[in-house]
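Observations on chain architecture
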Amino acid sequence: MTRSDGYLLDNRQPEAGERFDAFAALFDATTLRHFEAFGVGPGWRCWEAGAGGTSVVSWLAKKVGPTGKVLATDIDTSRLTSVARPPVEVRVHDLGTEEPPMEGFDLVHARLVLVHVPDRERALRSMVKALRPGGRLLIEDADPALQPLLCPDEHGPEQQLANRLRHGFRKLLADRGADLSYGRKLPRLLREAGLRRVEADAYFPVTSPACAVLESATVRQIRGELVGAGLATDEDIDRHLANVASGSMDLATAPMISAWGRKD
């Protein structure tokens, strides 16, 4: 992720590992499908920006092999130490404020990162700058405003409580500068950044065990902020966590919109 005094979901908090595992279970298949379509293979130079977890980095390392390079950056790289060996290089880097750590990449990728970055425009320019001619940029980000509900089928009090807490989470994100409608803007922003052959798609899990894992970890991580802002009580949160653990609700995520293009 990127430095921000108000960043809500700090990688150093204990729930962060659970969230990264849930993201991998929910979204790796989509991300890797795009990588396969690009033809990622031996010798490729790849930058995983705002890496956070290790699943995508590990996949790229196997694909590019000893003749390639995978640069994994984040402001907190403590969760990347297990993959910090050739062809992977791990570097502390603030995507929102610093110049690209290198240039000449065949692939630059960021997933669920830019929505949280205060200077998203600068970060996007940085990633485009880092591409070689013909290189590919893949940005994948959420659009919570497009589908704001945790329980789209709001048929009972458990679902109503879940959606009320999700509304509180979205308010906390927005108050810290997150753009809750960012995902839908990506195709236009990539074209405006000068990329060609821009395409996009979206993935929207509606019911998955990983959705429950993600929800539980997220709510536990932001519990203090929800209560402190008057958006929920401890009793609300305890009841909601018990409802999630029961497995009786159909939990969804915001759509993740993937947009990609090629640099001339």
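Above this text sits the structure in question.
As a starting point, this report considers the structure included with it.

Thresholds applied
Residues numbered from 1 in each chain as written. Predicted model: local features only at pLDDT ≥ 70, side-chain atom pairs only at ≥ 80, totals over all residues. Heavy atoms only, no water. Pairing = 2+ DSSP bridges. Helix = DSSP H or I, 4+ residues; strand = E, 2+ residues; numbered from the N terminus. Axes fitted to C-alpha atoms, helices over the stretch in contact; angles between N-to-C directions. Contact = heavy atoms within 4.5 Å. Buried < 20%, exposed > 50% of the residue type's maximum accessible area, 1.4 Å probe, protein only. Salt bridge = Lys/Arg side-chain N within 4 Å of Asp/Glu carboxyl O. Expected span 1.5 Å × (residues − 1).

1. Overview of the sheet that holds strand β2 (residues 69–74)
Taking strand neighbours across the sheet as the criterion, the 7 strands line up as β3-β2-β1-β4-β5-β7-β6 in an open arrangement whose pairing is mixed. Two strands bound the open sheet, and with one partner strand each, they are β3 (88–92) and β6 (196–203). Sheet twist, expressed as the mean angle between neighbouring strand axes with direction ignored, is 15 degrees. Strand direction decides the pairing type here: β2 and β3, joined by 5 bridges, are parallel. When the sheet's bridge partners are listed, D74 is paired in β3 with V92. Here helix α2 (residues 55–64) sits on the sheet and contacts β1 (45–49), β2, β3 and β4 (105–111); the angle it forms with β2, its principal contact strand, is near 165 degrees.

2. As for the pairing of strand β7 (residues 256–262)
Two faces make up the sheet, and in a regular strand the side chains alternate between them. The buried count for β7 comes to 6 of 7 residues, which makes it a mostly enclosed element. Examined bridge by bridge, strand β5 (residues 131–142) and β7 share 7 bridges and lie antiparallel to one another. Paired with I139 across the bridge in β7 is A259. Here β6 runs beside β7; their pairing, made up of 6 bridges, is antiparallel. Looking across to β7, one finds that E199 is bridged to W260.

3. A closer look at the pattern of salt bridges
This model, assessed by the stated rule, comprises 20 salt bridges. The closest approach of N and O atoms between R122 and E99, which form a salt bridge, is 3.6 Å. Taken as a pair, R122 in helix α3 (residues 120–129) and E99 in the loop between β3 and β4 lie far apart in primary sequence, 23 residues in all. The class of E99 is partly exposed, set by a relative accessible area of 45%. Residue D179 pairs with K185 through a salt bridge whose shortest N-O separation is 2.8 Å. Connected through salt bridges with shared partners, the residues K69, E89 and R91 form a single ionic network.

4. Notes on helix α4 (residues 157–175)
Since the α-helix turns once every 3.6 residues, residues separated by three or four places project in the same direction. With 19 residues, α4 should reach 27 Å at 1.5 Å per residue; the first-to-last C-alpha distance of 27 Å fits that figure. Where α4 is concerned, the buried positions are Q159, L161, A162, N163, L165, R166, G168, F169, R170, L172 and L173. On the buried face of α4, the contacting elements are α6 (209–228) and α7 (234–246). In the stretch just after α4, G177 is the one whose phi turns positive, near 95 degrees.

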